[in-house]
Amino acid sequence: MADFDEKEISIRLTDPATRREAFAMLVSQYSEQLYWHIRRMVLTHEDADDVLQNVFMKAWKSLDSFRSDSKPYTWLYRIAVNESIDFIRHKNAAGMLSTDEDSTTGVAAQLLADEYFDGDEIQAMLQEAITSLPEKQRAIFNMRYFDEMKYTDMSEILGTSVGALKASYHIAVKKISEYFKQLD
């Protein structure tokens, strides 16, 4: 997965003399992966860019609390998941995010109108179904389905047991299946 030795980068992140270069390597290595995870959570390109920028700013500011025994990838991913969930909750609280599938301005319609969305109608409907999941369940589904992440890595990122993650993923798949059955 990594083009560099994560243990070496972890050590370099904790040393003020090598921190900036090590952090630049992390940004270069993981920006695209994190962007797509965030994009699947928040849906729009502009929002994903904003959240990704917040992730790296938060990571930079919290480097003093980074432990060199942690994997930089899981550390960044944890920040990205939390920032994405916070962003969604903020938008929901502000009434700026529509997840009503009966609305003509539903998620699928918004995605299809987005110049950066390159999927078809089925992919837009899948994203709408995923958006109907609770935030943490959405993150679990995205990590497993799209990122093909191992449950052990997900457990480290989310601080949840493997069994609970498997159950949550199974429930999410069931909800998404039911969503599509209702469309028929």
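Scroll up to find the structure.
All values derive from a computational prediction rather than experimental measurement.

**Student:** Explanation requested: the environment of Arg138 in the structure shown.
**Tutor:** Within the element layout of this structure, Arg138 appears in helix H7 (residues 135–145). Residue class for Arg138 comes out buried when judged on its relative accessible area of 2%. Contact partners of Arg138, with chain neighbours within four places excluded, come to Arg40, Met41, Ile88, Ile130, Thr131 and Leu133.

**Student:** I tried to follow helix H4 (residues 72–93) on my own but got confused; where do I start?
**Tutor:** Because an α-helix packs 3.6 residues into every turn, residues spaced three or four apart end up facing the same way. With 22 residues, H4 should reach 32 Å at 1.5 Å per residue; the first-to-last C-alpha distance of 31 Å fits that figure. Looking one or two places after H4, you find Gly95, whose phi comes out positive at around 70°.

**Student:** How do you make sense of the pattern of salt bridges when you look at a structure like this?
**Tutor:** Side chains that differ in charge, positive against negative, can pair when their charged atoms come close. Across all of its chains, the model carries eight salt bridges by this definition. The closest approach of N and O atoms between Glu21 and Arg12, which form a salt bridge, is 2.9 Å. Overall, Glu21 belongs to the partly exposed group, its relative accessible area being 47%. For the salt bridge of Lys71 with Asp153, the shortest nitrogen-to-oxygen distance reads 3.7 Å. Linking Lys71 in the loop between helix H3 (45–61) and H4 with Asp153 in helix H8 (residues 151–158), this pair joins segments that are 82 residues apart in sequence. Under the relative-accessibility criterion, Lys71 is labelled partly exposed at 35%.

Each value, and the rule that gives it
- Residues numbered from 1 in each chain as written.
- Predicted model: local features only at pLDDT ≥ 70, side-chain atom pairs only at ≥ 80, totals over all residues.
- Heavy atoms only, no water.
- Helix = DSSP H or I, 4+ residues; strand = E, 2+ residues; numbered from the N terminus.
- Buried < 20%, exposed > 50% of the residue type's maximum accessible area, 1.4 Å probe, protein only.
- Contact = heavy atoms within 4.5 Å.
- Expected span 1.5 Å × (residues − 1).
- Salt bridge = Lys/Arg side-chain N within 4 Å of Asp/Glu carboxyl O.

Such coordinate-based values are descriptive only and should not be taken to indicate function.
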